[in-house]
Amino acid sequence: MRTLVSPLALRTPRGRIVYWTILTLTVIGFTGAFVFPLYWMVTGALKSPDELAQIPPRFFPKSVHFRVYADAWEQLQLGVFLKNTVLYAGGAWLFTLAVDVTAAYALSKLRPVLGKLVLGAMLATLMIPPMVLLLPTYLVAKDLPILHADLLNTPWAIWLPAAANGFFVFLLKRFFDSIPKELLEAAEIDGASPLRILWSIVLPVSRPIIGVVSILSVVTVWKDFVWPLLVLPETEKMSISVGIASLSAQLPQNVLIASLVIASLPTILVFFVFQRSIMAGLTAGSLKG
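Computed from a predicted model, the values in this text were never measured in an experiment.

**Considering the packing of aromatic side chains**
As enumerated under the stated definition, the model contains 11 aromatic pairs in all. Look at W40 and F59: their rings are 6.4 Å apart centre to centre, the planes differ by 50°, and that puts the pair in the tilted class. With W40 in helix 2 (residues 13-46) and F59 in the loop between helix 3 (49-53) and helix 4 (67-75), this residue pair connects regions lying 19 residues apart in the sequence. Residue W40 is classed as partly exposed on the basis of its relative accessible area of 32%. Aromatic rings pair up to connect F36, Y39, W40, F59 and F60 into one cluster. Positioned above the aromatic ring of W40, the side-chain terminus of K47 is 4.2 Å from the ring centre.

So this is what it looks like as C-alpha cells:
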C-alpha cells in the first residue's frame, strides 16, 4: 500500500531525519497546545494582582504566593461547593449505571421488540444541540409529569437528566455485543435468570467499559455549568463551577484563578490515574470475540 512517503525513502538518512523532525515538532506542538493553558492557570494563581494586569504578561511569576490557595478555599467556601459537587456527581454515577447498563443489556442480549428502533431513537437524541433541550428539560424538572413534583434546588434535578444518556447506552451495547453468546446460553441452561446473568457474568467481564462510562459520567457532571446554574439557584446548593462564577466579581483575580485550579484538580487526577482504563474501555468492544 503506497503512502505519501514511500518506505524506501524513510530508510534513507535524510528520510529518517525529516521523519523524526516532523514527528518531534508535531508532538511538541500538540503537547504545548494542551498543557500551556494548565500551566498558565497554575502560575497565574501564584502571581500578584499587579503581575496579572501587567502588559506584556510575565511567563514566570516574580514571587510565589502559595497563601492564595488558602484564601480561595476560605473566601469562596470551596469546601461546601466541593461537597455538593461530589454528591451530585456520585448520585449521577449511580443512576447512570443503573439505567444505562440495564438498557444496553436489554438491547444487546434480550433483544426486545422494536429494539433497533429504540436504539436509533436514543442515538438520534445525540444530534440535537444541548441548548435546544434546556427549556423542555427545565420545564420537566419544574413540574415532573405524573408526580407533579418540583425538582429544583434538589439533587434529583441533576441525577435524573444525567441517568439516560444515549452515548453511554451505545458504548455499553457495543461492548455487550462482543460477549460470546455461548457464555450466556450456558448460564441459561444452568437456570440463571436474565438479571442473574447480568449481575454474575456480564458485569464482571465488562469492567473496562463500565470504568469508562463511570469516569465520563462523573467528569460530565463535575464540569457542567449551565444546567446546575438553572436548577440550583440557592447558594448553599450550588455546584463548584456555579459557586465560583457567582462569587467571582467580589474577589481578586489571582484568588479566582486559584479557586479554578482547586476545582480542576479532581478531574485532572482522575484522568491521570485512569487514562489506561479509558483507552482500554473505548477500544474493548471494537472487535468481536
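What follows picks up the thread again.
**Focus on the side chain of S108**
Following the sequence through the fold, S108 ends up in helix 5 (residues 78-110). Apart from residues lying up to four places away in sequence, S108 is in contact with K173, F176 and D177.

**Considerations on the confidence of the model for the chain**
Counting all residues, the mean pLDDT for the chain is 84, and 93% of those residues have values of 70 or more. Here residues 285-289 is modelled with pLDDT under 50, and outside its nearest four sequence neighbours on either side it reaches 8 contacts, counting other chains as well.

**Things to note about the packing of helix 9 (residues 166-177) against helix 12 (residues 207-223)**
Across the interface, helix 9 lies against helix 12 with an axial gap of 10 Å and an inter-helix angle of 170°. In this view, helix 9 runs roughly antiparallel relative to helix 12, as classed from their interaxial angle. Along its contact with helix 9, which presents F167, F168, L171, L172 and F175, the element helix 12 presents I209, I210, V213, L216 and S217.

**Examining helix 8 (residues 156-163)**
Turning to helix 8, its buried residues are A157, I158, W159 and A163. For helix 8, the secondary structure elements touched by its buried residues are helix 5, helix 12 and helix 13 (226-231).

**Points about unusual backbone geometry**
For L114, which is not a glycine, the phi torsion comes out positive at approximately 65°. Mapped onto the elements of the fold, L114 is located in the loop between helix 5 and helix 6 (115-124). Residue classification places L114 among the exposed positions, given a relative accessible area of 56%. Positive phi, close to 50°, is recorded for H148, a residue that is not glycine. Inspection of the secondary structure puts H148 in the loop between helix 7 (130-142) and helix 8.

**Concerning the packing of helix 5 against helix 11 (residues 194-205)**
Where helix 5 meets helix 11, the axes come as close as 12 Å, and the angle between the chain directions of the two elements is 100°. By the criterion of interaxial angle, the relationship of helix 5 to helix 11 is roughly perpendicular. Counted together, V101, T102, Y105 and L110 of helix 5 and P194, I197, L198, V202 and L203 of helix 11 form the full contact between these two elements. Taken together, the residues of the contact of helix 5 with helix 11 break down into 8 nonpolar, 1 polar and no charged.

About the cut-offs
Residues numbered from 1 in each chain as written. Predicted model: local features only at pLDDT ≥ 70, side-chain atom pairs only at ≥ 80, totals over all residues. Heavy atoms only, no water. Phe/Tyr/Trp six-rings, centres within 6.5 Å; stacked < 30°, edge-to-face > 60°. Helix = DSSP H or I, 4+ residues; strand = E, 2+ residues; numbered from the N terminus. Buried < 20%, exposed > 50% of the residue type's maximum accessible area, 1.4 Å probe, protein only. Lys NZ or Arg CZ within 6 Å of the ring centre and 35° of its normal. Contact = heavy atoms within 4.5 Å. pLDDT = per-residue confidence, 0-100. Axes fitted to C-alpha atoms, helices over the stretch in contact; angles between N-to-C directions. Parallel < 35°, antiparallel > 145°, perpendicular 65-115°, else oblique. Nonpolar A, V, L, I, M, F, W, Y, C, P; charged D, E, K, R; others polar.

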